[in-house]
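Summary of the model geometry
Next come the chains, spelled out residue by residue.
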Amino acid sequence: MRCICALALISVVAVTSAAPVSAAPESTADLNATARAAGNRHDEAVKIGRVLFATIWPAQIMRIRVDSVGRHSIAGLMLSAVKFHQDLDRAGFLNEIELLVRRTFATSGVEEVDVWATVPIPVKAHANVSGDLAEPTSRTVFAVTCRRDQLSGLVARLSIGQGVYWAEEFKARLHGGERG
């Protein structure tokens, strides 16, 4: 009888003294990294996202994708060219691009980072927006690619526009530093 009572007492103590274990709440950076990751290397995109989303950038990051074929991995960072978080001029935009590329390389072993910024395109009601006959819903207004071995020259390339695509209206809009 004593043995049964002792076991019952141990069970009660174990059940009542065990604190509920709960995971720490995910940070906004973690949530954004998971929600905005894409590509066939999703885990790598999330890893990059956790670092990049820890900062609130003037031009918001919409998607981070990492794709690999064989040994080759490429990261793609899609930015919104509208609705900036703060006033942004051309120099500030290019500084953000440089920092995003540097942090991506520092976080991941990808060999190339592609960055592009898009604006939405108005779509007619009932337009086909998916599938083979889809009408585009966004347009690229800025794009640059940087391989890891080109990182040291990225700032110079950005400043002179070498290998950089700019839509003229976006470039002009950034001249005044207005909010999107």
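To be clear, the structure that these remarks concern was listed above.
This one's a predicted model, so the numbers in the text were calculated from it and none came from an experiment.

Spatially, 6 strands are ordered β1-β2-β3-β4-β5-β6 in an open sheet, and the strand pairing comes out mixed. Single-partner strands in this sheet number two, and they are β1 (37-38) and β6 (164-166). As defined by bridge partners, strand β4 (residues 112-120) adjoins strand β5 (residues 138-147) across 9 bridges and the pair is classed as antiparallel. Bridge pairing in β5 links valine 113 to cysteine 146.

As a further point, take helix α6 (residues 168-175). Where α6 is concerned, the buried positions are Phe170, Arg173 and Leu174. Along the axis of α6, the buried residues cluster in a sector spanning 95°; they form a single face. For α6, the exposed residues lying more than 90 degrees away from the buried face are Glu168 and His175. On the buried face of α6, the contacting elements are α4 (90-107), β5 and β6.

A separate point is unusual backbone geometry. Of note, the phi angle at lysine 83 is positive, near 55°, even though the residue is not glycine. Mapped onto the fold, lysine 83 is located in the loop between β3 (72-80) and α4. The exposure class of lysine 83 is exposed, given its relative accessible area of 60%.

What follows is about the side chain of serine 108. Within the secondary structure, serine 108 is located in the loop between α4 and β4. A polar contact of 2.6 Å, which involves the side chain of serine 108, links it to the side chain of glutamate 44. The residues touching serine 108, leaving out its near neighbours within four places in the chain, are Glu44, Ile48 and Arg148.

Looking at where threonine 107 falls in the secondary structure, it is placed in helix α4. The class for threonine 107 is buried, based on a relative accessible area of 16%. Setting aside residues up to four positions removed in sequence, threonine 107 forms contacts with Glu44, Lys47, Ile48 and Val51.

Moving on: the packing of aromatic side chains. Inspection of the entire model under this criterion finds 5 aromatic pairs. When the centroid spacing of 5.9 Å and the interplanar angle of 55° are considered together, the rings of phenylalanine 93 and tryptophan 166 count as tilted. Here tryptophan 166 lies in strand β6 and phenylalanine 93 lies in helix α4, a separation of 73 residues in the sequence. One exposure class covers both phenylalanine 93 and tryptophan 166, and it is buried. Among the aromatic residues, ring-to-ring pairing joins Phe93, Phe142, Trp166 and Phe170 into one connected group.

Here is what the cut-offs are and how they apply
Residues numbered from 1 in each chain as written. Predicted model: local features only at pLDDT ≥ 70, side-chain atom pairs only at ≥ 80, totals over all residues. Heavy atoms only, no water. Pairing = 2+ DSSP bridges. Helix = DSSP H or I, 4+ residues; strand = E, 2+ residues; numbered from the N terminus. Buried < 20%, exposed > 50% of the residue type's maximum accessible area, 1.4 Å probe, protein only. Arc of directions from axis to C-beta. Contact = heavy atoms within 4.5 Å. Polar contact = N/O pair within 3.5 Å; in protein donor to acceptor, adjacent residues only side chain to side chain. Phe/Tyr/Trp six-rings, centres within 6.5 Å; stacked < 30°, edge-to-face > 60°.

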